[in-house]
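Notes for the structure review
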Amino acid sequence: MGSLFRSEEMNLCQIFLQSEAAYACVSELGELGLVQFKDLNPDMNAFQRKFVSEIMRCDEMERKLRYIHKELKKDGMKIPDRDENPKAPAPKEMIDLEATFEKIESELKEVNTNAEALRRNYLELTELKEVLKKTQIFFEEHGRHGIVDDAQHALVHDEGSGFVPITSVQLGFVAGVIPREKVPAFERLLWFANRGNTFLKYDEIDQQLEDPVTGDSISKCVFLIFFQGEQLKARVRKICEGFKATLYPCPETTHERTEMLNGVSTRLEDLNLVLHQTEDHRKRVLMSAQKEIRPWIIKVKKIKAIYHTLNMCNYDVSHNSLIAECWTPVSGLEEIQQALKHGTELSGSTVPSILHRMQTKETPPTYFKTNKFTHVFQAIIDAYGIACYQEVNPAPYAIISFPFLFAVMFGDFGHGFIMFLAGLWMVLTEKKLLAKKSDNEIANMFIGGRYIITMMGLFSIYTGLIYNDIFSKSVNIFQSSWHPNYDFKTLQKEGYSSRVLNPQEHFDNTTGPYPFGIDPIWQASLNKITFNNSLKMKLSVIFGVSQMLLGVLLSFVNHAYFRRPLNIFCEFIPQLIFLVCLFGYLVAVVVYKWIAFNADCTQYAPQLIIQFINMFLLSYTPRDRPANFTGDLYACSRIEPTSINATSQTVFYEYQQPIQIGMVLAALLMIPVMLLVKPLILKARHSSRVKADAKRRDRLYATSQRTLIHNEEQPEQAVTGKNMNINGEEERGVVSHSEGGILGHEEEENIPQFEFGEVFILQAIHTIEYCLGCISHTASYLRLWALSLAHAQLSEVLWSMLFRTGLTMDLPYVGGILIWAIFAAFAGVTVAVLLLMEGLSAFLHTIRLHWVEFNSKFYVGDGYQFAPYSFKHLLDADLDE
């Protein structure tokens, strides 16, 4: 918890790597994942760096792997999901990897080219076979002269002299294949272009053809075009070429067509056998690559990451070494030393790598050690802002406060139990769920937040028991503390929500209150909402002020750790007094009202809102002493009700007026303290520092003048650059060569600039933000009450609209069937509305309370994340496009 409470102590280190050992050492550091390298060559582009050629080689290997991966996906093969973490190969092994990838890629390309050519040839032969078959069928059905007869009527009609004799008609024809969707346009163009002097016959190919390039199914038609003369023949061929129709040779006689068809069928059988052999060979190549593609991808990614890291180093030509700077956690220095030692041994270098800790004024990165449980809470805090280096981390407190505040708004035992079971199922099956690697972002969000969902469900079960609320109903586990004639049976006979419960008349003081949670009899009372509103509103204020007070106290921890005594006295103490005197006092009054006023005098209990307003207005009405009362004036239970003027009473405990006036004055006095004291002290400090620096410059100037006079009197000593004291001994000092002295200018430059106006405006903003924030944030916590009430009412409305009808029917069998029928609707609406929508609403409001109301009291959040150089995120076998 120590590392989670405050970020890890970081150190800036310098690493000296020998060139022959640099690759192996950086590889070991990547496996360790505890080093964040700094780019020492920010002004150089990617092509000016030392290892640009190696990175280009890695890019080429990734391209080849992407090609192999695409071919695997084309055949429905997946990358095997195995938990393996191969080491980064040595630089000399890159040549073997490149040769392997080149061999597989060239082999796959050759196989694909041959397969595409074979498929194209197979498609052509299949189309030719269909053309021959359809043509044979055409001529068998109509006969040669029948076809010519039809064509004669279409082609050689003479308007004046009738038909020309058949013996004078010389018809030719062409046959081919065209896509089915182009047939209507093809037919129209043939008619209009040839003025009706062509005769077209077509039929659809029943067999599904396959595109040789894409593998998609295509539908085509066989066509026959009859025409007369060479001119029409040329025109028909041009139209076919324009529509990208394929023409095939078709013999005139039946015998020739039959012989050609037999030959085509034989060639198709041989070609089909060759195609199967080609596909088998391709699958063998892909299966051999499938077994190794995952480690190949990881190895190439690691090699590329190593060379990218080496490009961030400086190259020392004189010592043939690389110099790197990096941020490391102090707790991991020993592991880093061991990794460097192991890398040096692997490379065979005799010169060890050196890790040197540096002193710097740079702000280190923020690093928290988290596990799979605490990671989700830390992610919620990081979404607001990365913590400053070693400031207090709100995540440990959010582990408890986040699910608790959620449960205050979502308090229902039944709904919380369903949420708990859903989260518990995701926790128990997390390995299986994470291994699926779904692309569904919503599902991934639920799986990533499985632990917080489980916690929210568990806390909702607890608050549901406190509220005694289970699907809008209460359970009478213990005996109710109300009068026996107001038990549940009586209320059921008289009707639910038909009684107004009066504690003074109906409460049984002998048995005491309900042992745990809210008494279930309130569920059947008419003033249930009034009671719940009063209770939940006060609890919301108590929880809110408590969490804000914790935030202010944590600011003290920050100021003490960073040694800021001025902030403690000028910010923390005034803020604490302001919050405690106003809103802490309000919480104390709430608790006092619960304790001091019992059921006998509830009608005389003060209204806290009016009391709080009168506290600022300094309006007080003294309490009248009853004539027949002796003893403690403010003991409510012993005062006769007739002796008290309840309408004018505002003082309800002894010394209330001086205490409240003192609280208001103390809170108001803290505002100028927060606003003025710190800027004035900073201005005074700066003025004293400037005066001290002026005196120091005057002393240095006087010393330099004496030294110049002394050198003029003894020129020989001035030439040698030595100062002699009065005893003739050497005196080491700084000689100024300009008026005022070099050291004096350095000291003047070291004094930070101070602008009182900027400091005052910044302090004014913080003061106004805190004072107004205490009021608005306290009111903001009332959302706990509002959402809790809304959730309870929605649950009750859902129950009333669905189940009450079936439960209150006179015919039990009909009611049972109705309940069975509407249970699906009840379950669906419960999950969709009350669990998902209401749960998301409560979750977002809880985030708001932590980000704004809690974190603003102490959390700065302007740091930057520690991003270590690690191979853990490279274990995914996905390749970036």
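So, a few notes on the structure that sits alongside this text. (Residues numbered from 1 in each chain as written. Predicted model: local features only at pLDDT ≥ 70, side-chain atom pairs only at ≥ 80, totals over all residues. Heavy atoms only, no water.)

With that settled, the discussion passes to helix H6 (residues 230–242). For H6, with 13 residues, the first-to-last C-alpha span of 18 Å sits near the 18 Å given by 1.5 Å per residue. Inspection of H6 places Leu-232, Val-236, Ile-239 and Cys-240 among the buried residues, and these make up the whole buried set. Projected onto a plane normal to the axis of H6, the buried residues spread over an arc of 100° and lie on a single side. Projecting away from the buried face of H6 at angles above 90 degrees are the exposed residues Glu-230, Gln-231, Lys-238, Glu-241 and Gly-242. Elements in contact with the buried residues of H6: strand S5 (172–179), helix H5 (183–193), strand S9 (220–227) and strand S10 (246–248). (Helix = DSSP H or I, 4+ residues; strand = E, 2+ residues; numbered from the N terminus. Expected span 1.5 Å × (residues − 1). Buried < 20%, exposed > 50% of the residue type's maximum accessible area, 1.4 Å probe, protein only. Arc of directions from axis to C-beta. Contact = heavy atoms within 4.5 Å.)

What follows is about the sheet that holds S10. Two orientations exist for strands paired in a sheet by backbone hydrogen bonds: parallel and antiparallel. The four strands lie next to each other as S6-S9-S5-S10, forming an open sheet whose pairing is antiparallel. For this open sheet the edge positions go to strand S6 (199–204) and S10, each flanked by a neighbour on one side alone. Put simply, the sheet's adjacent strands are angled 25° from each other on average, direction ignored. Bridging between S5 and S9 involves eight bridges; their strand directions are antiparallel. Opposite Val-174, over in S9, you have Ile-225 as the bridge partner. (Pairing = 2+ DSSP bridges. Axes fitted to C-alpha atoms, helices over the stretch in contact; angles between N-to-C directions.)

It is at 11 Å that the axes of helix H18 (residues 565–596) and helix H23 (residues 756–780) come closest, and there the two elements cross at 25°. For the element pair H18 / H23, the angle class is roughly parallel. Considering only the axes of H18 and H23, their crossing is right-handed. For the pair H18 and H23, contact is made by Glu-571, Gln-575, Leu-576, Phe-578, Leu-579 and Phe-583 and by Gln-763, Tyr-770, Cys-771, Cys-774, Ile-775 and Thr-778, respectively. (Parallel < 35°, antiparallel > 145°, perpendicular 65-115°, else oblique. Left-handed = near helix turned anticlockwise from the far one by under 90°.)

The first and last C-alpha atoms of H23 sit 34 Å apart over 25 residues, in line with the 36 Å expected at 1.5 Å per residue. Remark: the principal bend of H23, roughly 35°, maps to Gly-773. Among the residues of H23, Gln-763, Ala-764, Thr-767, Tyr-770, Cys-771, Gly-773, Cys-774, His-777, Thr-778 and Ser-780 are the ones counted as buried. (Bend = angle between axes of the 7 residues up to and from the residue.)

Attention now goes to unusual backbone geometry. One can expect most non-glycine residues to show negative phi and most peptide bonds to be in trans. Phi at Phe-471 takes a positive value of approximately 55°, unusual for a residue other than glycine. Structurally, the position occupied by Phe-471 is in the loop between helix H14 (450–467) and helix H15 (488–494). On the basis of relative accessibility, which here comes to 23%, the residue Phe-471 falls in the partly exposed class.

Let's shift gears to the pairing of strand S12 (residues 321–329). The element S12 is extensively covered by neighbouring structure, given that nine of its nine residues are classed as buried. In this sheet, S12 lies alongside strand S1 (residues 10–18) in antiparallel orientation, the contact comprising nine bridges. Paired with Asn-11 across the two strands is Thr-328, which belongs to S12. Pairing analysis gives two bridges linking strand S2 (residues 36–37) to S12, with the strands arranged antiparallel. When the bridges of S12 are listed, Gln-36 appears paired with Trp-327. When strand S11 (residues 314–316) meets S12, the two strands line up antiparallel, connected through three bridges. Bridge assignment links Asn-314 to a residue of S12, and that residue is Ile-323.

Right, let's get into the packing of aromatic side chains. The geometry of two aromatic rings is summed up by the distance between their centres and the angle between their planes. As enumerated under the stated definition, the model contains 32 aromatic pairs in all. Between Phe-373 and Tyr-451 the ring centres are 5.8 Å apart and the planes differ by 85°, which places this aromatic pair in the edge-to-face class. Here Phe-373, found in the loop between strand S13 (354–358) and helix H9 (374–384), pairs with Tyr-451, found in helix H14; they are 78 residues apart in sequence, far enough to count as distant. With relative accessibility at 27%, the residue Phe-373 sits in the partly exposed group. With a relative accessible area of 12%, Tyr-451 lands in the buried category. An angle of 25° between the planes, with centres 6.1 Å apart, marks the rings of Phe-756 and Phe-760 as stacked. One end of the pair, Phe-756, and the other, Phe-760, are both in helix H23, four residues apart, so they sit about a helical turn from each other. A network of ring pairs unites the aromatic residues Tyr-384, Trp-851, Phe-854, Phe-858 and Tyr-859 as a single cluster. When the ring centre of Phe-51 is taken as origin, the NZ or CZ atom of Lys-50, which lies over that ring, is 5.7 Å away. Across from the ring centre of Tyr-315, 4.3 Å away, lies the NZ or CZ of Lys-50, which sits over that ring. (Phe/Tyr/Trp six-rings, centres within 6.5 Å; stacked < 30°, edge-to-face > 60°. Lys NZ or Arg CZ within 6 Å of the ring centre and 35° of its normal.)

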